[in-house]
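Chains, contacts and geometry: an overview
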Amino acid sequence: MSNQLDNDELLPTQTENYKVSEKKAVNELQNLDANDESLNKWKASLGLGQAQLRFPDDERTVIVQALVLQSGDHIIRMDVSNKKAIEELSKRTVSIKEGIEYTFKIEFVVQREVVSGLVFLQKLKRLNVTVERTEDMCGSFGPKYETQEKRFPVATAPSGMMARGVYGIRSRFVDDDGVVHLDWTWKLEIKKDW
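Quick notes on the rules
Residues numbered from 1 in each chain as written. Predicted model: local features only at pLDDT ≥ 70, side-chain atom pairs only at ≥ 80, totals over all residues. Heavy atoms only, no water. Phe/Tyr/Trp six-rings, centres within 6.5 Å; stacked < 30°, edge-to-face > 60°. Buried < 20%, exposed > 50% of the residue type's maximum accessible area, 1.4 Å probe, protein only. Helix = DSSP H or I, 4+ residues; strand = E, 2+ residues; numbered from the N terminus. Pairing = 2+ DSSP bridges. Contact = heavy atoms within 4.5 Å.

Some thoughts on the packing of aromatic side chains
Under the definition given, this model contains 7 aromatic pairs. When the centroid spacing of 5.7 Å and the interplanar angle of 85 degrees are considered together, the rings of Y102 and F104 count as edge-to-face. Across this residue pair, the class does not change: Y102 and F104 are buried. With a centroid separation of 6.4 Å and an interplanar angle of 65 degrees, the aromatic rings of F120 and F173 are classed as edge-to-face.

Written out as structure tokens, the structure reads:
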């Protein structure tokens, strides 16, 4: 899914006069300023010295594993780790109770190179009208064997009779270079009760 962004309304916001720095290979980054102790600590925190791949047969740099919606004790884990899982998710509807406070968490693995400026975008539509568009900066991540995650701020689900119903959602995980690491659609239903 690592394709370039298309010209639709689900593009990340561009900061005026910000230029993405030249992409460097992990080996180049490791050798930069090798005598600078603080820079070496920063490189170690990015995992630049760890070449072990979690998914050696997967060519993707960022492998998004799941989108998790949590409200109190209610946890809904949506598997988006492969095409089949995404296809299954698109066929079902995730249901939540109106008016609840909830948060999203995205779980992913970064391998092979440093990825800068990851952004999570979502667009919610109801009756083919965009109701909400969110954009959450995740940050930059180095390659790690372990699953990394980003938790987003708490949000409140709409409530009331007019808010209840099914929403179509398009989610996208993209970086500063415009590489779309995952783009998928799913459905969310807001109900009176769980």
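Re the pairing of strand β5 (residues 101-110)
Most of β5 sits inside the fold, with 9 of its 10 residues counted as buried. With 8 bridges joining them, strand β2 (residues 62-71) and β5 adopt antiparallel strand pairing. Bridged to A66 within β5 is E107. Bridge analysis of β5 against strand β9 (residues 155-156) gives 2 bridges, and the strand direction is antiparallel. Paired with E101 across the bridge in β9 is T156. Pairing between β5 and strand β8 (residues 148-151): 4 bridges, direction antiparallel. Across the sheet, residue E107 finds its bridge partner in β8, namely E149.

Regarding the pairing of strand β3 (residues 74-79)
On a regular strand, one side chain projects to one face of the sheet and the next to the other, so that they alternate. The sheet contact formed by β2 and β3 spans 6 bridges and is antiparallel. Each residue of the ladder has a partner; that of L69, found in β3, is I76.

Quick look at the side chain of Q65
Inspection of the secondary structure puts Q65 in strand β2. On the basis of relative accessible area, Q65 is assigned to the buried category, the value being 12%. The residues contacting Q65, other than those within four sequence positions of it, are R54, F55, M78, D79, V80, S81, E107, F108, V109 and T147.

Observations concerning the side chain of Q148
The topology assignment puts Q148 in strand β8. Residues within four places of Q148 in sequence aside, it is in contact with I106, E107, F108, V110, F141 and G142.

Here's the deal with unusual backbone geometry
Even without being a glycine, L127 presents a positive backbone phi close to 55 degrees. Summarising the element assignment, L127 is placed in the loop between β6 (115-126) and β7 (129-141). L127 sits in the exposed class, given a relative accessible area of 78%. Positive phi, close to 65 degrees, is recorded for N128, a residue that is not glycine. By the secondary structure assignment, N128 is in the loop between β6 and β7. Owing to a relative accessible area of 68%, N128 belongs among the exposed residues under this scheme.

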